[in-house]
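Inside the fold
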Amino acid sequence: MVIGKLRQRVELQSATVSQDGFGEPTKSWATAATVWAAVEDLQGREFLEAAQLEAEITTRIRVRAGVAVTPGWRALHGSDVYDVKSVGRDPTRAREMLLMCVRAVT
């Protein structure tokens, strides 16, 4: 891993579900770690959903291994919110995790 490539600050957040005053489940996010990362946009696409044009960008976020990130978490980079879809490791770089994420474009 080339440390100089991890230049962006990213917050890794996990979801917590609690109940509001009426007993309804409420999802909130708690920051598990703030790490240095390399954020790389890979692919963008547009599609129709519910008769509306939607757009999303697939992004790879490289971080050092150490935080137990799982799919369903999210990553914050500036004002961008990325949904973590999968977590993998590069077999040639044991100390690096690859987070495959999707960011909705509005």
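Look above for the structure.
Residues numbered from 1 in each chain as written. Predicted model: local features only at pLDDT ≥ 70, side-chain atom pairs only at ≥ 80, totals over all residues. Heavy atoms only, no water.

This paragraph deals with the overall build of the chain. Of the regular secondary structure elements, the chain holds zero helices and six strands. Helices and strands appear in the chain in the N-to-C order β-β-β-β-β-β. Burial analysis of the chain (106 residues in total) assigns 31% to the buried set. Put simply, of all contacts in the chain between residues at least 6 apart along the chain, 49% involve residues at least 24 apart. Total accessible area on the chain is roughly 7000 Å²; 50% of this is exposed by carbon and sulfur atoms. (Helix = DSSP H or I, 4+ residues; strand = E, 2+ residues; numbered from the N terminus. Buried < 20%, exposed > 50% of the residue type's maximum accessible area, 1.4 Å probe, protein only. Contact = heavy atoms within 4.5 Å. Areas by Shrake-Rupley, 256 points an atom, 1.4 Å probe, with all protein chains shown as cover.)

Formed by 16 residues in total, the largest nonpolar core has its most connected members in Leu12, Ile61, Val69 and Leu99. At the level of elements, strand S1 (8–19), strand S2 (25–49), strand S3 (52–64), strand S5 (80–90) and strand S6 (93–105) are the ones that each hand at least two residues to this core. Residue contacts for leucine 12: discarding those within four places in its chain leaves Ala30, Thr31, Ala32, Ala33, Val35, Val67, Val69, Trp73, Arg74, Ala75 and Leu99. (Core = buried A, V, L, I, M, F, W, Y, C linked by side-chain atoms within 4.5 Å.)

As a further point, take the pairing of strand S4 (residues 74–77). Across three bridges, S1 lies against S4 in antiparallel orientation. The residue bridging glutamate 11 from the neighbouring strand is leucine 76, located in S4. Summarising the sheet, S4 and S5 pair through four bridges and their orientation is antiparallel. Paired with leucine 76 across the two strands is valine 81, which belongs to S5. (Pairing = 2+ DSSP bridges.)

The next thing to look at is the pattern of salt bridges. With the rule as written, the count across this model stands at five salt bridges. One salt bridge in this structure joins arginine 60 and glutamate 40, with 2.8 Å as the shortest N-O distance. Here arginine 60 is found in strand S3, whereas its partner glutamate 40 is found in strand S2, with 20 residues between them in sequence. Residue glutamate 40 is classed as partly exposed on the basis of its relative accessible area, which comes to 24%. Residues participating in the shared-partner salt-bridge network are Glu40, Arg60, Arg62 and Glu96. (Salt bridge = Lys/Arg side-chain N within 4 Å of Asp/Glu carboxyl O.)

Right, let's talk about the side chain of threonine 59 for a bit. Relative to the helices and strands, threonine 59 is located in strand S3. On the basis of relative accessible area, threonine 59 is assigned to the buried category, the value being 0%. The residues touching threonine 59, leaving out its near neighbours within four places in the chain, are Val39, Glu40, Asp41, Leu42, Tyr82, Leu99, Met100 and Cys101.

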